[in-house]
Amino acid sequence: MAERMSRDQRVVLTVAVLASFVSFLDGTVVNVALPAISRDLGGGLSTQQWVVDAYLVTLGAFILVAGSLSDVLGRTLVLRIGLVGFGITSVAIAAAPTAEFLIVARALQGVAGALLVPSSLALITSTFRGAAQARAIGIWTGATTVAMIAGPLIGGVFVDALSWRLVFLVNVLPIALTLWLMARRAHADHRRPGARIDVLGAVLCAAGLGGIVFALIEQPNLGWGSPLIWVPGALGVAAFTGFLARQRVAREPLMPLDLFRSRNFWAGNLTTMFVYAALSLNGFVLSVYLQQGAGLSATLAGLASLPSTLLMIALSSRMGALSGRFGPRLFMTIGPAVMAIGALLLLSVRPEFDYWTQVLPGVVVFGLGLTATVSPLTAAVLGAIETERSGIASAVNNAVSRVAGLLAIAAVSAVAGGALDLDGFHRATVFTAVLMALGAATSFLGIRNHLSRRD
């Protein structure tokens, strides 16, 4: 396949892969570094939540803006801005003197990260056509999966052998290489005449998510009766409601609400919300508890979920093919239900910890359910919308998954009872199973096989 590509296509694909790899790698390395960050900078569970959620708040809010920015400024320029911003904020995070400084830098990094994935995919879809485009997207997907595997392991090794600060500098080399490749590519950037950015929508979205997340994270410390909790929470709900209202009247909305007229699109995104909230909660809680509760090193904690990822790599293409043959509903129902069982198996974790009997069975079962879910879910959501609108449909679905993870991690303290001890870990696994069960029920009741794109 590689020899059939032109030189420009090879450069574009390499740039797209590296740019996305940076974003996905950062998303997976951070969880295993959280206990070390907390020990060094203080703040406990609240700091750990903010390190993750500060990034997700801005990422979720601005990932919808990225498409509009690409139309106005050009894909290559937006990608370059995102890479430079990601590199600068990575260095700032590595040098953070306080938890507050790190959290602000993570929020800025989320803005930069929001520019990377949509722009890199837009480069692929604008450069490749037909079967070549499908193969290119397949290579891109495979590279992001490698980031999922490499992230926890790289993060764990760096934390144990060097420092958590160096975890965030892992991105600098691929960023520099990507910028160098982009500088060698002499190609006119594409801009859409008349394109506009819904600035008010972006501000309302960011303010809404920020207020809600602040209230959820800090509520265990201050209580719901504190004005410092209910005022930001209420303002956040009002701002996010305003964001949704804005999308009904905006000339070029960030999230076109008419997409949700399609049954499989709204049902698929509702399933996405439940499933990805559960995935984020499970990943956060497992990484932190294995280190702080079970006493594993960061490297071993990073390796703990590796069987699940390997199962996904080995079987996801097969599951995608079966879903195409039998329809997505069966897989989107059974997959989350199996993941719920995998989460409940983690209730076997005891003070006398043993990974092989208490964690591995749940991780394997969870991985099988995840493998059965992801490809059919993506196909159902994107297949429900006209091909020419697949870009915005993908951006909306990506934003839904990020926001779901954001809110789930923000709620960790409330779910776990304020501490990730063994009881808190068990409560979180039960809540994960409940979310997965809701995802299975939503798919069973909402998804239909072989709907036309207008249904």
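Note that the structure is predicted; figures quoted are calculated from it, not measured.

J.: Just checking my understanding: could you explain the overall build of the protein chain for this structure?
T.: Summing up its helical and strand segments, the protein chain has 18 helices and zero strands in all. Counting all 455 residues of the protein chain, 52% fall into the buried class. Excluding contacts between residues fewer than 6 apart, the proportion of contacts in the protein chain whose partners are at least 24 apart in sequence is 84%. Surface exposure of the protein chain reaches about 18,700 Å², of which carbon and sulfur atoms provide 67%.

J.: Help me understand the nonpolar core in this model?
T.: In a soluble, globular protein the nonpolar side chains are often hidden away together inside. Core analysis: the biggest nonpolar cluster contains 118 residues, and Leu64, Trp164 and Phe284 have the highest contact counts within it. For this core, the element with the most residues is helix α1 (residues 7–41), which contributes 15 residues. Residues in contact with Phe284, not counting those within four places in the same chain, are Asn31, Leu34, Leu45, Gln48, Gln49, Val52, Ile409, Val412 and Leu420.

J.: Explain the layout of surface pockets to me, please; I cannot follow it from the model alone.
T.: Empty space among the atoms can be located by rolling a probe the size of a water molecule over them. Size it by volume and the second largest pocket reaches roughly 520 Å³. Lining the second largest pocket are 26 residues, and of these Phe240, Met273, Val400, Val403 and Ala404 lie nearest its centre. Elements supplying a minimum of two residues to the lining of the second largest pocket: α2 (44–73), α8 (199–222), α9 (227–249), α10 (263–292), α16 (390–410) and α18 (422–446). With seven residues, α16 is the single largest residue contributor to the lining of the second largest pocket. Considering only residue class, the lining of the second largest pocket consists of 24 nonpolar, two polar and no charged.

J.: Where do I start with the packing of helix α13 (residues 328–345) against α18 in this structure?
T.: The angle between the axes and the distance between the axes are what describe a pair of packed helices. Relative orientation of the contacting elements α13 and α18 amounts to 170°, with a least axis distance of 8 Å. By the angle class used here, α13 and α18 are roughly antiparallel. Contacts between α13 and α18 involve Arg329, Met332, Thr333, Pro336, Ala337, Met339, Ala340, Ala343 and Leu344 from the first element and Thr429, Val430, Thr432, Ala433, Met436, Ala437, Gly439, Ala440, Ser443 and Phe444 from the second. When its residues are assigned to classes, the contact of α13 with α18 shows 13 nonpolar, five polar and one charged.

J.: Looking at this structure, I do not really get the packing of α10 against α13. What am I missing?
T.: Running from N to C, α10 and α13 cross one another at 20°; their axes reach a closest spacing of 11 Å. Judged on the interaxial angle alone, α13 and α10 are roughly parallel. Once α10 is placed against α13, the crossing between them reads as left-handed. Side by side, α10 and α13 meet where Gly268, Thr271, Val275 and Leu279 of the first sit next to Met332, Pro336 and Met339 of the second.

J.: So what exactly am I meant to see when it comes to the environment of Val275 here?
T.: Looking at the element boundaries, Val275 is found in helix α10. A residue is classified by how much of its surface remains accessible, and Val275, at 1% relative accessible area, is buried. Note: C-alpha distance between Val275 and Gly439 (164 residues apart in sequence) is 5.7 Å. In this view, Val275 contacts Pro336, Met339, Met436 and Gly439; residues no more than four positions away in its chain are not counted.

J.: Help me understand the packing of aromatic side chains, please; the structure alone is not making it clear to me.
T.: Each pair of aromatic rings is reported with the distance of its centres and the angle of its planes. For the structure on display, the rule yields six aromatic pairs. With a centroid separation of 6.2 Å and an interplanar angle of 45°, the aromatic rings of Trp50 and Phe214 are classed as tilted. Pair noted here: Trp50 is in helix α2 and Phe214 is in helix α8, with a separation of 164 residues, a long-range link. Taking the centre distance of 5.1 Å and the plane angle of 70° together, the rings of Phe260 and Phe265 count as edge-to-face. In this arrangement the basic side chain of Arg329 is found over the ring face of Phe444, its NZ or CZ atom lying 4.5 Å from the centre.

J.: How do you make sense of the environment of Arg246 when you look at a structure like this?
T.: Relative to the assigned elements, Arg246 resides in helix α9. Given the relative accessible area of 28%, Arg246 is considered partly exposed. In the structure, Arg246 is positioned 44 residues away from Ala202 in sequence and 10.0 Å away in space, judged by C-alpha atoms.

J.: Looking at this structure, I do not really get the side chain of Asn171. What am I missing?
T.: You can see Asn171 is positioned in the loop between α6 (164–167) and α7 (172–184). Residue class for Asn171 comes out buried when judged on its relative accessible area of 2%. Discounting residues that sit within four places of it in the chain, Asn171 has contacts with Val22, Leu25, Asp26, Phe86 and Ser90.

J.: Teacher, can you tell me more about the pattern of salt bridges here?
T.: Oppositely charged side chains are able to pair whenever their charged atoms sit close together. In this structure the tally under the stated criterion is one salt bridge. Linking Asp40 and Arg165 is a salt bridge whose minimum nitrogen-to-oxygen distance equals 3.4 Å. Here Asp40, found in helix α1, pairs with Arg165, found in helix α6; they are 125 residues apart in sequence, far enough to count as distant. Asp40 sits in the partly exposed class, given a relative accessible area of 42%.

J.: Looking at this model, I keep getting lost on the side chain of Thr442. Mind explaining?
T.: Examined against the element boundaries, Thr442 turns out to sit in helix α18. In this structure Thr442 comes out as buried when scored by relative accessible area, which is 13%. Sequence-distant contacts of Thr442, defined by excluding residues within four places in its chain, comprise Ala267, Leu270, Thr271, Phe274 and Ile447.

J.: Just to check I follow, could you spell out a nonpolar patch on the surface for this structure?
T.: On the surface, Val91, Leu162, Leu166, Leu169 and Val172 cluster together into a nonpolar patch covering about 380 Å² of accessible area. Structurally, the position occupied by Val172 is in helix α7. In this structure Val172 comes out as partly exposed when scored by relative accessible area, which is 34%.

J.: Mind showing me how you'd approach the environment of His426 here?
T.: Structurally, His426 is set in helix α18. Among the residues examined, His426 registers a relative accessible area of 15% and is labelled buried. The sequence separation of His426 and Leu344 amounts to 82 residues, and the corresponding C-alpha distance is 8.6 Å. Residues contacting His426, with those up to four places away along its chain left out, are Leu346, Leu347, Val349 and Arg350.

What counts and how
- Residues numbered from 1 in each chain as written.
- Predicted model: local features only at pLDDT ≥ 70, side-chain atom pairs only at ≥ 80, totals over all residues.
- Heavy atoms only, no water.
- Helix = DSSP H or I, 4+ residues; strand = E, 2+ residues; numbered from the N terminus.
- Buried < 20%, exposed > 50% of the residue type's maximum accessible area, 1.4 Å probe, protein only.
- Contact = heavy atoms within 4.5 Å.
- Areas by Shrake-Rupley, 256 points an atom, 1.4 Å probe, with all protein chains shown as cover.
- Core = buried A, V, L, I, M, F, W, Y, C linked by side-chain atoms within 4.5 Å.
- 1 Å grid on protein atoms, 1.4 Å probe; cavity = no way out; pocket = protein on both sides within 12 Å on 5 of 7 lines; lining within 4 Å.
- Points joined across faces, edges and corners; volume = space filled by probe spheres on them.
- Nonpolar A, V, L, I, M, F, W, Y, C, P; charged D, E, K, R; others polar.
- Axes fitted to C-alpha atoms, helices over the stretch in contact; angles between N-to-C directions.
- Parallel < 35°, antiparallel > 145°, perpendicular 65-115°, else oblique.
- Left-handed = near helix turned anticlockwise from the far one by under 90°.
- Phe/Tyr/Trp six-rings, centres within 6.5 Å; stacked < 30°, edge-to-face > 60°.
- Lys NZ or Arg CZ within 6 Å of the ring centre and 35° of its normal.
- Salt bridge = Lys/Arg side-chain N within 4 Å of Asp/Glu carboxyl O.
- Patch = residues over 30% accessible without salt bridge, like charges linked within 9 Å, V, L, I, M, F, W, Y side chains within 5 Å.

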